[in-house]
2 protein chains.
Amino acid sequence: MKAKSRLGGQTIAMNQNPPKITSRASIVGKKEGEGPLAGYFDKILEDDLWGEKSWEKAERRMYIETAELILKKAQKEPHDINYLFGGDLLDQIITPTFAAKSLGIPYYGLYGACSSMTQTMSLGAVMVDGGYADHVLCVTSSHFCTAERQFRFPLEMGVQRPPTAQWTITGSGGVLLSSEGVGPVITHVTTGRVIDFGVKDANHMGAAMAPAAADTFRAHFEDTGRGPVDYDLIVSGDLGKYGRQITIDLLKKDGYDIESRFIDCGCEIFSEDQDVHAGASGCASSATVLAGYLLKKMEDGEFNRILIASTGAMHSTISVQQGDSIPGIAHAVSIEKRG
Amino acid sequence: MKAKSRLGGQTIAMNQNPPKITSRASIVGKKEGEGPLAGYFDKILEDDLWGEKSWEKAERRMYIETAELILKKAQKEPHDINYLFGGDLLDQIITPTFAAKSLGIPYYGLYGACSSMTQTMSLGAVMVDGGYADHVLCVTSSHFCTAERQFRFPLEMGVQRPPTAQWTITGSGGVLLSSEGVGPVITHVTTGRVIDFGVKDANHMGAAMAPAAADTFRAHFEDTGRGPVDYDLIVSGDLGKYGRQITIDLLKKDGYDIESRFIDCGCEIFSEDQDVHAGASGCASSATVLAGYLLKKMEDGEFNRILIASTGAMHSTISVQQGDSIPGIAHAVSIEKRG
C-alpha cells in the first residue's frame, strides 16, 4: 500500500498539478525597514502601532493589508480564493482569525510557532496539487511588541537580553498558490517532526530549533535522493547565527555539507550594527524574507531552485513554568523556477 | 478553471480515494464518565489530575493515551502513520505538540478552538484522498481545569457561572483515517468561514458559534444539493442548548429545517441533573462523542450517513480585553457507511 504522491519518509511530491506561486507581498516594521533587505518589502511601518490602539491591532492590520496586497497584485478578489491558511504567534492565533473574518475566505488556522509560513504553504500546496483548490492564500505575521509581552517580559521593564536572544520580526508576509498562472512551482513538501534536545532557555531558541531543522533537511535529502548541491540555496526561517551553525554541524555528522549555500532568514534581515544579538525570529522572518527577497531573486533568475524550512520553537508560558523543555519543528518546501 | 474535487463554494468531495475511518478511541474525565454516554468511552479518569503533577500534564497524558489506543486497535505503530493532525485549546497548542514529540510522527498543529476535531479530519481526509498519505491520525483534547484557568478565572476563586455558561469537556478523542481498510468513509468536507454576530460574552459561546454553524450547514446543503433529509443525523460540536436552538432558527430562515434530526454533542454528553448549565464545550466535546458514541452507532447500523461540524469560538484573553467580539467557525464533514 503506497499513496501515489508519497516519496516515503516525510516527503511528498507535488506531481499532480504542482502549485504556482502567482503573487506575493510583505510588510515590515520600522526597524526591519532600516535593514539590508529594506528595498524588497512592499510597505514599511512608521512605528510599532501604525495608528492603531494596540500592538495586536497593528499586527492584525499588517496581516490584512498583506493579504489584500497579494490579491491586488494577482487581480483577484477574496471570493476568488478557496482557502486562507494562516498562522501567527499569539495565543489562540487571533491575528489570522480576525483577518479571516474581515476577508470572508474559508479559513484553516494553523499553529507551528515560527514554522507557520512553510506549514501554511505545505498544506496549501496539497490543496492545489490534489485538485481541491484553484487559489490558496498563505499568510503569517509576528510583531516584536506583541510577542515580547506574551512570551517574555513587559517591554516597559526594559529587561536586558542575553547575546543568544533573537529579535521577533514585526511584519507580515504571504503568497498566493494557484493551479494556473505564472510563477515558481512548489515541487516537494517535507513535513517536520517535533524534535527535542532538551533546551530550556527561551532566550536561546536557535539552539532549540536547530535539531529540528537538521532533522527535516536530512529527511528531505534522504526521501528525495537529492543533496545540498541540487539546490542553489538552502534556507531556514529564524535559527539566528548560533542555530545556523548548530544545524550545519549536525548535518555534517549525517554526511551533508550545506554550509556554502545555507542562509537563515533571521540572519539576513538585520545588519550586524542593528543590535539584535543572535538574529531575527518570528513567523514573519521567513514569511517576509521569502515573499520579499527570495522570490524576487528567483524571478530575476539569480536562484532557480531553493529549499526553505521555516523553523518553530514550541513552548508556551505554561509549559516553561511547568519545567518542560522547548522542542522545535521545521517544515520544508522545495521551490523551483520552470520554463 | 476548476479544481477537479471542488463542488464549488466551500465544499470539496472526497472522490479520488475516499478516506476510511479505520480506528477510533476516546478517554474522558470523571464527570463525563458519570453522564449518559459513559458506556461508549474507552477510559474514564478517576480524577482531574490522573496521577500527574498538573492539569496540563494530565491533558497531555490523555492525548497520548488516546493516540496510542487508536493505533493499538488498528494494529499500527507510530512509524506506520504519515501525519498527526492535532489541536487543543491551550496557548501554543502545547498538548498535541508535546504528544507529537512523544509519538515521533510528522506533525501539523492546528488551531480552530473547539472546531479542531473536524478541522483535523478535513485536512487529514484531503491527505488520504489525494494520495499523499496512507494513514493520518487526527486527535484533539480539552480539559475543564486547564481551559477555565486560561480563559476565565482561577478555579480556586469559585466564580459563579451564569445559565448560558458551558462546561469544557475533560477528554480526548480521535480517529485514524486510512486509504485502505474497513470503516465508514468521509465523503465531503465543507470548510467554515469566520462569522461574527457581535457576541462579547465568553459565558455565552453557544450564541457566538451558532451563526457559524448555520453558515457552514447552509453552505454544505447549497454546495452538495443535499438537504437535511439526506442525513440520518446532523451534529454540531458544542453549541449547547441555546446555541443549538439559534442554529435551528437561523437555518429555518434559509429554508432548511434540521430540527428533528439535529443533535449537539455538548447537549448529549451530560444529563440535565449534572449541573453544567447550557451544556458541554471544548475540542473534546465533538471528539469524544464522535469517536465514542456516533461512530459506534454507525458500526451498529443505527445511522448510515451523518454530517458533523465541530464548532469553535475564536477569542483570546487579549482579544476580549481589547474589546473584540467573539466570532465563530465551524468545519463540517460528511461520514457515510458503505457496503
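This is a predicted model, so every value here is computed, not measured. (Residues numbered from 1 in each chain as written. Chains lettered and ligands numbered in written order. Predicted model: local features only at pLDDT ≥ 70, side-chain atom pairs only at ≥ 80, totals over all residues.)

**Comments concerning helix α3 (residues 116–129) of chain B**
Residue and element names in this part refer to chain B. To keep it simple, the criterion reads: By the criteria applied, helices consist of DSSP H or I runs no shorter than four residues and strands consist of E runs no shorter than two, each listed in order from the N terminus. To estimate the expected span of a helix, subtract one from its residue number and multiply by 1.5 Å. Any residue with 12 or fewer other C-beta atoms within 10 Å of its own C-beta is exposed, any with 20 or more is buried, and the rest are partly exposed; the C-beta atoms used are placed from the backbone.
Along its 14 residues, α3 runs 20 Å from first to last C-alpha, staying within 8% of the 20 Å computed at 1.5 Å per residue. Taking burial as the measure, the 14 residues of α3 include 14 buried ones, the bulk of the element. Looking one or two residues beyond α3, the residue adopting positive phi is G131, at roughly 85 degrees.

**Details of the domain arrangement of chain A**
All names here are of chain A. Applicable threshold: How far each domain reaches was decided by an automatic or database domain assignment. By the convention adopted here, residues are in contact when the distance between their C-beta atoms, placed from the backbone, does not exceed 7 Å.
The assigned domain composition of chain A is domain 1 (6–178) and domain 2 (186–336). Placing the centre of domain 1 and that of domain 2 at their C-alpha centroids yields a distance of 17 Å. Each partner contributes to the interface: domain 1 provides 59 residues, whereas domain 2 provides 60 residues. Looking at the side of domain 1 that touches domain 2, the elements that each hand over two or more residues are β1 (6–8), β2 (11–13), β3 (20–28), α3 (116–129), β7 (135–142), α4 (144–151), β8 (167–168) and β9 (171–178). In terms of residues, the side of domain 1 that touches domain 2 owes the most to one element, α3, which gives eight residues.

**Digging into the nonpolar core**
For the record, the criterion: When buried Ala, Val, Leu, Ile, Met, Phe, Trp, Tyr and Cys residues are joined through C-beta atoms within 7 Å, the set is termed a nonpolar core.
Membership of the largest hydrophobic core comes to 222 residues, with the highest contact counts inside it found for L137 and L177 of chain A together with L137 and L177 of chain B. Setting aside residues no more than four positions away along its own chain, L137 of chain B makes contact with A67, I70, I81, L84, I105, G174 and L176 of chain B.

**Things to note about the relation of the copies chain B and chain A**
Spelled out, the test is: The atoms used to superpose the copies are C-alpha atoms, taken from residues with pLDDT of at least 70 in both, and the fit is least squares.
The transform that puts chain B on chain A rotates by 180 degrees and translates by 0.0 Å along the axis, for an RMSD of 0.0 Å. A rotation of that kind, with that shift, is consistent with a two-fold axis. Identified as the residue of chain B closest to the rotation axis by C-alpha distance is L110 of chain B, at 2.1 Å. The fraction of interface residues of chain B whose copies in chain A are also interface residues reaches 98%, indicating that both copies meet through the same surface.

**What about the pairing of β7 of chain A?**
Two faces belong to every sheet, and in a regular strand the side chains alternate between them. Residue and element names in this part refer to chain A. The line we're drawing: In this analysis, strands are considered paired if DSSP registers two or more bridges between them.
By the criterion of burial, β7 is predominantly enclosed, with eight of the eight residues buried. Burial of the side chains of β7 extends over both faces: H135, L137, V139 and S141 are buried on one face and V136, C138, T140 and S142 on the other. Pairing geometry for strand β5 (residues 83–87) and β7, over five bridges, is parallel. Among the inter-strand pairings, G87 is bridged to a residue of β7, identified as T140. Sheet topology places β7 next to β9; eight bridges connect them, and they run antiparallel. Its bridge partner being in β9, T140 is matched across the sheet by G173.

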